[in-house]
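Chain by chain, the residues run as shown.
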Amino acid sequence: MMPVDDDLYKTSCVVQATTVEQVQAVVKICDEFAIPVWTISTGRNFGYGTAAPAKRGTVVLDLKHMNKIIEIDPDLGTALVEPGVTYQQLFDYLEANNLPFYLSCPAPSAIAGPVGNTMDRGVGYTPMASIS
Ligand SMILES: Cc1cc2nc3c(=O)[nH]c(=O)nc-3n(C[C@H](O)[C@H](O)[C@H](O)COP(=O)(O)OP(=O)(O)OC[C@H]3O[C@@H](n4cnc5c(N)ncnc54)[C@H](O)[C@@H]3O)c2cc1C
């Protein structure tokens, strides 16, 4: 959806991390060699570049496989989740654990996730907007 040549946004490579240690190692190497990094969570930023980086030659750090729900606080209504967790996963978790919360998803719905949406300064469809 960009009005310029796609080649301007070609990546050097895509790295799919599954642990915090891997993320740290990738960032350390990229820092050492001054390689730009573009991080995505579920990579469903449709309409705003999807998973494409902002400039050519960037390493895309894909976190979609880090998808654990670490903790949901039933009193405060807060969720601690890894970046690849989707709204669908979160919804299923709430249902399975009988937690009385309602998610405020953006229009692309269940396939996107709260971390990427928050980093994108996104909003959902309830008066409270995004849960995150
Ligand atoms: C028809 C249509 C309707 C839409 N409606 C809405 C809407 O109602 N509300 C809304 O908010 N958006 C909307 N969007 C935009 C977008 O699809 C959503 O914001 C979606 O939630 C983003 O996808 P994601 O959660 O997979 O984020 P990602 O694509 O994973 O991430 C979004 C961006 O945030 C940054 N980022 C992500 N994760 C990290 C991280 N761990 N560390 C550092 N930076 C990170 C990156 O720059 C990344 O490009 C819409 C798009 C379309 C095409």
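Note that the structure is predicted; figures quoted are calculated from it, not measured. (Residues numbered from 1 in each chain as written. Predicted model: local features only at pLDDT ≥ 70, side-chain atom pairs only at ≥ 80, totals over all residues. Heavy atoms only, no water.)

Attention now goes to the layout of surface pockets. Of the voids in this model, the largest pocket is the one considered here, and its volume is about 710 Å³. What lines the largest pocket is a set of 30 residues, among which N45, G116, N117, M119 and D120 lie closest to the centre. For the lining of the largest pocket, the secondary-structure elements that each account for two or more residues are β2 (37-40) and α3 (114-119). Ranked by residues supplied to the lining of the largest pocket, first place goes to α3 with 4 residues. Its residues placed into classes, the lining of the largest pocket shows 17 nonpolar, 11 polar and 2 charged. Each of domain 1 (6-62) and domain 2 (69-119) gives at least three residues to the lining of the largest pocket. (1 Å grid on protein atoms, 1.4 Å probe; cavity = no way out; pocket = protein on both sides within 12 Å on 5 of 7 lines; lining within 4 Å. Points joined across faces, edges and corners; volume = space filled by probe spheres on them. Helix = DSSP H or I, 4+ residues; strand = E, 2+ residues; numbered from the N terminus. Nonpolar A, V, L, I, M, F, W, Y, C, P; charged D, E, K, R; others polar. Domains from an automatic or database assignment.)

Right, let's get into the site of the ligand. Taken together, 24 residues lie near the ligand, and S41, T42, G43, R44 and V123 sit nearest. T39 places a main-chain nitrogen or oxygen 3.4 Å from a nitrogen atom of the ligand. Taking A107, its main chain carries an N or O atom lying 3.1 Å from an oxygen atom of the ligand. Compared with its free state, where it exposes 970 Å², the ligand has 77% of that area covered by protein. The site holding the ligand turns out to be the largest pocket. The set of elements that each furnish at least two residues to the shell around the ligand consists of β2 and α3. (Near = heavy atom within 4 Å. Polar contact = N/O pair within 3.5 Å; in protein donor to acceptor, adjacent residues only side chain to side chain. Areas by Shrake-Rupley, 256 points an atom, 1.4 Å probe, with all protein chains shown as cover. Sits in = over half its atoms within 2 Å of the grid points.)

Position of W38 among the secondary structure elements: in strand β2. Beyond its immediate sequence surroundings of up to four residues, W38 is in contact with A51, A52, P53, A54, T58, V59, V60 and L61. (Contact = heavy atoms within 4.5 Å.)

Here we take up the domain arrangement of the protein. Considered domain by domain, the protein is made up of domain 1 (6-62) and domain 2 (69-119). If you average the C-alpha positions of domain 1 and of domain 2, the two centres end up 24 Å apart. At the junction of the two partners, domain 1 supplies 4 residues and domain 2 supplies 10 residues. Summing both sides of the interface, domain 1 and domain 2 together bury roughly 490 Å²; the carbon and sulfur share of this comes to 63%. On the domain 1 side of the interface with domain 2, the three residues burying the most area are S41, T42 and R44, jointly 82% of the side's total. Applying the counting rule to domain 1 against domain 2 returns 0 salt bridges. Remark: the boundary between domain 1 and domain 2 carries 1 residue pair in polar contact (both at pLDDT 80 or more). (Buried area = accessible area lost by both parts, 1.4 Å probe. Salt bridge = Lys/Arg side-chain N within 4 Å of Asp/Glu carboxyl O.)

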